[in-house]
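So the chains spell out like this:
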Amino acid sequence: HKVIVITHAYNCPDAELLCDEGKVRRRKSKRSGVRYLPGGLKVYYCPFLPMTDEDCLPTFTVTFPLLRWILIREGIEIVHSHQATSTLANEAITYAAELGMASVYTDHSLFGFDDIASIILNRVLKVTMSTVGSVICVSHTCRDNFILRAKMLPSIVHVIPNAVDPTKFTPD
């Protein structure tokens, strides 16, 4: 199988140090295009406009042509997305269904039900997750919360706990 990462372009504030009149300052560089991480992992930094908290403008139209091209070009069979607040992740799950691809979503969050941000996010999740093939949650509490928030069928929501190595957390 092949694994690639698709994310949006972003500013990399620690990319380069510049000396300007005796002052050291950091120059922002745009991380965009295709890059290879150590080990050969291919990362697509797509030129989508990031807004608040490095999240993209939700459109459900603008990102489709490029994501479709990448998914087809790379021969992707399964789309795996993370992060409830990521518009790119939610759009990728929806596009996977349109392209006849399998999809998996991983949730790490415990959002509420009573504030306006949570209400909007939960409605978005209900729509985008209606096309997902399977969901992974990192705890049973997260699973219960996700099922309620996104109105999901419990049969497709599974728990894979976050791995913790207890030997790394022993007192001195």
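Conventions we followed
Residues numbered from 1 in each chain as written. Predicted model: local features only at pLDDT ≥ 70, side-chain atom pairs only at ≥ 80, totals over all residues. Heavy atoms only, no water. Patch = residues over 30% accessible without salt bridge, like charges linked within 9 Å, V, L, I, M, F, W, Y side chains within 5 Å. Areas by Shrake-Rupley, 256 points an atom, 1.4 Å probe, with all protein chains shown as cover. Salt bridge = Lys/Arg side-chain N within 4 Å of Asp/Glu carboxyl O. Helix = DSSP H or I, 4+ residues; strand = E, 2+ residues; numbered from the N terminus. Buried < 20%, exposed > 50% of the residue type's maximum accessible area, 1.4 Å probe, protein only. pLDDT = per-residue confidence, 0-100. Polar contact = N/O pair within 3.5 Å; in protein donor to acceptor, adjacent residues only side chain to side chain. Contact = heavy atoms within 4.5 Å. Pairing = 2+ DSSP bridges. Axes fitted to C-alpha atoms, helices over the stretch in contact; angles between N-to-C directions.

Caption draft 1: Geometry of a nonpolar patch on the surface. Taken together, Ile116, Ile119, Ile120 and Val124 make up a surface patch of nonpolar side chains, about 340 Å² in accessible area. Among the secondary structure elements, Val124 is positioned in helix H3 (residues 116–128). The exposure class assigned to Val124 is partly exposed, which follows from its relative accessible area of 33%.

Caption draft 2: Structural detail: the confidence of the model for the protein chain. Averaged over all residues, the pLDDT of the protein chain is 84; the fraction at 70 or higher stands at 84%. No element of the protein chain has a lower mean pLDDT than strand S2 (residues 10–20), which averages 56, and none a higher one than strand S9 (residues 157–159), which averages 96.

Caption draft 3: Geometry of the side chain of Lys42. Looking at the secondary structure, you find Lys42 in strand S5 (residues 42–46). Note on Lys42: relative accessible area 14%, which makes it buried. Looking at Lys42, its side chain comes within polar contact range of the side chain of Glu74, at 2.7 Å. Leaving out residues up to four positions away in the same chain, Lys42 has contacts with Ile4, Val5, Val34, Arg35, Tyr36, Arg73 and Glu74.

Caption draft 4: View of the environment of Ile4. For Ile4, the position within the fold is in strand S1 (residues 4–8). According to the relative accessible area criterion, Ile4 is buried, its value standing at 16%. Separated by 32 residues in sequence, Ile4 and Tyr36 place their C-alpha atoms 9.7 Å apart. Setting aside its immediate chain neighbours within four residues, Ile4 contacts Leu41, Lys42, Tyr44, Ile70, Glu74 and Ile76.

Caption draft 5: The sheet that holds S5, seen in detail. Read from one edge to the other, the open sheet built from three strands follows the order S1-S5-S4, with strand pairing classed as mixed. With partners counted over all chains shown, the strands left at the sheet margins are S1 and strand S4 (33–36), one partner each. Taken pair by pair, the neighbouring strands of this sheet meet at an average axis angle of 20°, ignoring direction. Relative to S5, S1 runs parallel, the two being bridged by five bridges. Paired with His8 across the strands is Cys46, a residue of S5.

Caption draft 6: Representation of the pattern of salt bridges in the model. Counting across every chain of the model gives five salt bridges. Between Arg143 and Asp144 there is a salt bridge, and its shortest N-O distance comes to 3.9 Å. Judged by its relative accessible area of 44%, Asp144 falls in the partly exposed class. The network of salt bridges with common partners includes Lys2, Lys42, Arg73 and Glu74.

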